[in-house]
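Descriptive analysis of the structure
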Amino acid sequence: MDRLPTPNYRLVDLTKYHLTVGDRKALPIAAVRGCPYECAFCPSIYRSKVPHYRDPEDVALDIECIVNMGYSAVRILDDLFISNEPWLEELCRILRSRFRIWYRCCARVDTLKESVVQLLVESGCREVLVGAESGSDVMLRAMRKGQSAIEVKQAIRRCKDAGIKVIAYFLVGFPGETWETLRETFELIRESSPDELHLHTPVPYPGTDLYNNPQRYGITWMSPNFNDYSLNIRMDQRWILTHPTSDNTQEMYSWIVAKLSREGFKCSTDQSFTTGTTL
Ligand code: SF4
């Protein structure tokens with residue numbers, strides 16, 4: 001990856017990009033590629049299972065170029081930004097000493113230890129995106145997520161306490177979801193109160209374990225029409241796949257949305273919810 005040159009952003013019509021971090025305009029960068037985890041629903045398993053880390057100095061060159069164009073924020077798009085602490089420490093040291101940028105990154109909740117959160121906040125991290133997925137350990141195990149509900153809760157609290165905005169993603173209606181597991185998710189959201197919420201339903205993208213081993217999840221049918229496989233959430237799972245609990249998904253989705261709305265979580269038309277904090 002280090003052999004790739006810094007992108008020539010000037011060849012792109014940047015007025016068409018509307019990324020922000022806080023109230024600052026941002027551009028995207030990539031620092032790591034690949035993920036060794038095997039979450040059942042994640043299409044990232046298409047990529048390398050061995051994470052490839054760019055040289056922090058090389059990442060700094062991209063940031064310098066972005067800063068020279070008048071931007072003061074970046075969105076780090078990597079799935080697994082925080083998994084190699086020595087590498088992260090070096091990159092954060094560079095960010096802290098040479099730049100005054102704000103950034104957003106993605107993190108697994110089990111990597112967000114106190115010391116890591118400190119590193120992030122001191123180097124300009126203002127927003128972190130976490131795959132929380134569920135408040136139920138039963139569902140987290142079913143998803144092969146490799147994290148526990150208590151870790152989700154602790155990571156959200158830790159980031160919020162440090163002043164980092166938390167954008168949390170949850171999956172509703174994964175095979176095996178029950179009203180009890182859904183209530184656990186609602187309780188976790190209510191108690192930990194992430195700043196922004198995105199609720200999705202699972203999609204069995206080709207290459208995921210859901211797609212490769214449907215019997216493991218009780219899936220008896222998947223739509224042969226890949227046009228149905230949209231990240232833009234279909235509440236009604238019956239469009240995409242059939243499994244023992246798929247008939248309940250739409251009702252469950254509506255239920256949790258209504259409960260969250262009553263708790264003050266905002267609902268927007270693209271089915272993402274925020275507690276009212278603006279980006
Ligand atoms: S959800 Fe995140 S941790 Fe899991 S496989 Fe995908 S990128 Fe890796």
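Above this text is the structure in question.
The shown structure was predicted, so the numbers you read here are calculated from the model rather than taken from an experiment.

1. Some details on the overall build of the protein
- Along the protein, the regular secondary structure elements total eight helices and 13 strands.
- Compactness check: the protein gives a C-alpha radius of gyration of 19 Å against a globular reference of 19 Å for 279 residues, within 12% of the reference.
- Across its three principal axes, the protein shows a C-alpha extent of roughly 55 × 40 × 35 Å.
- The contacts of the protein with a sequence gap of at least 6 include a subset with a gap of at least 24, amounting to 71%.

2. A look at helix α1 (residues 56-68)
- Look at α1: 18 Å from first C-alpha to last across 13 residues, which is about the 18 Å you get at 1.5 Å a residue.
- Within the span of α1, buried status applies to V59, D62, I63 and I66. Angularly, the buried residues of α1 cover 95° about the axis, an arc narrow enough to put them on a single face. Relative to its buried face, α1 has exposed residues pointing more than 90 degrees away, namely E57 and N68.
- Contacts from the buried residues of α1 go to β2 (24-29), β5 (73-76) and α2 (85-98).

3. Side note on the pairing of strand β6 (residues 102-107)
- Burial analysis of β6 places five of its six residues in the buried class, the great majority of the element.
- With three bridges joining them, β5 and β6 adopt parallel strand pairing. Bridge assignment links V74 to a residue of β6, and that residue is Y103.
- Handedness of the crossover joining β5 and β6 through α2: right-handed.
- Inspection of the sheet shows β6 paired to strand β7 (residues 125-133) by five bridges, in the parallel sense.

4. Observations regarding the packing of α1 against α2
- The geometry of α1 relative to α2 is characterised by a closest axis approach of 9 Å and an angle of 35° between their N-to-C directions. For the crossing formed where α1 meets α2, the hand is right-handed. Within the contact between the two elements, α1 uses P56, V59 and A60 and α2 uses W87, E90, L91, I94 and R98.
- The residue inventory of the contact of α1 with α2, partitioned by class, reads six nonpolar, no polar and two charged.

5. Here's the deal with the environment of D195
- Positionally, D195 belongs in the loop between α6 (179-192) and β9 (196-200).
- For the pair D195 and R104, spaced 91 residues apart in sequence, the C-alpha to C-alpha distance is 14 Å.

6. Digging into the environment of T6
- Tracing the backbone shows T6 in the segment before β1 (20-21).
- As for T6 and L88, which are separated by 82 residues in sequence, their C-alpha atoms are 20 Å apart.
- With residues up to four places along the chain from it excluded, the contact list for T6 reads L61, D62 and C65.

7. Some thoughts on unusual backbone geometry
- The backbone of R144 shows a phi angle near 60°, a positive value even though the residue is not glycine.
- Looking at the element boundaries, R144 is found in the loop between α4 (137-142) and α5 (149-161).
- Residue classification places R144 among the partly exposed residues on the basis of 15 C-beta atoms within 10 Å.
- Unlike most non-glycine residues, S193 shows phi in positive territory, near 50°.
- Its location among the elements puts S193 in the loop between α6 and β9.
- A count of 17 C-beta atoms within 10 Å places S193 in the partly exposed class.

8. Structural notes on the packing of α6 against helix α8 (residues 249-262)
- Interhelical geometry of α6 versus α8 gives an angle of 25° and a closest axis separation of 11 Å. The angle between the axes of α6 and α8 places the two elements in the roughly parallel class. As for how α6 packs across α8, the hand of that crossing is right-handed. Contacts between α6 and α8 involve L182, T185, F186 and I189 on the former and, on the latter, M252, I256, K259 and L260.
- Its residues assigned to classes, the contact of α6 with α8 comprises six nonpolar, one polar and one charged.

Rules used throughout
- Residues numbered from 1 in each chain as written.
- Predicted model: local features only at pLDDT ≥ 70, side-chain atom pairs only at ≥ 80, totals over all residues.
- Helix = DSSP H or I, 4+ residues; strand = E, 2+ residues; numbered from the N terminus.
- Rg over C-alpha atoms; globule rule 2.2 N^0.38 Å.
- Contact = placed C-beta atoms within 7 Å.
- Expected span 1.5 Å × (residues − 1).
- Buried ≥ 20, exposed ≤ 12 C-beta atoms within 10 Å, placed from the backbone.
- Arc of directions from axis to C-beta.
- Pairing = 2+ DSSP bridges.
- Right-handed = clockwise from strand over helix to strand, strands pointing away.
- Axes fitted to C-alpha atoms, helices over the stretch in contact; angles between N-to-C directions.
- Left-handed = near helix turned anticlockwise from the far one by under 90°.
- Nonpolar A, V, L, I, M, F, W, Y, C, P; charged D, E, K, R; others polar.
- Parallel < 35°, antiparallel > 145°, perpendicular 65-115°, else oblique.

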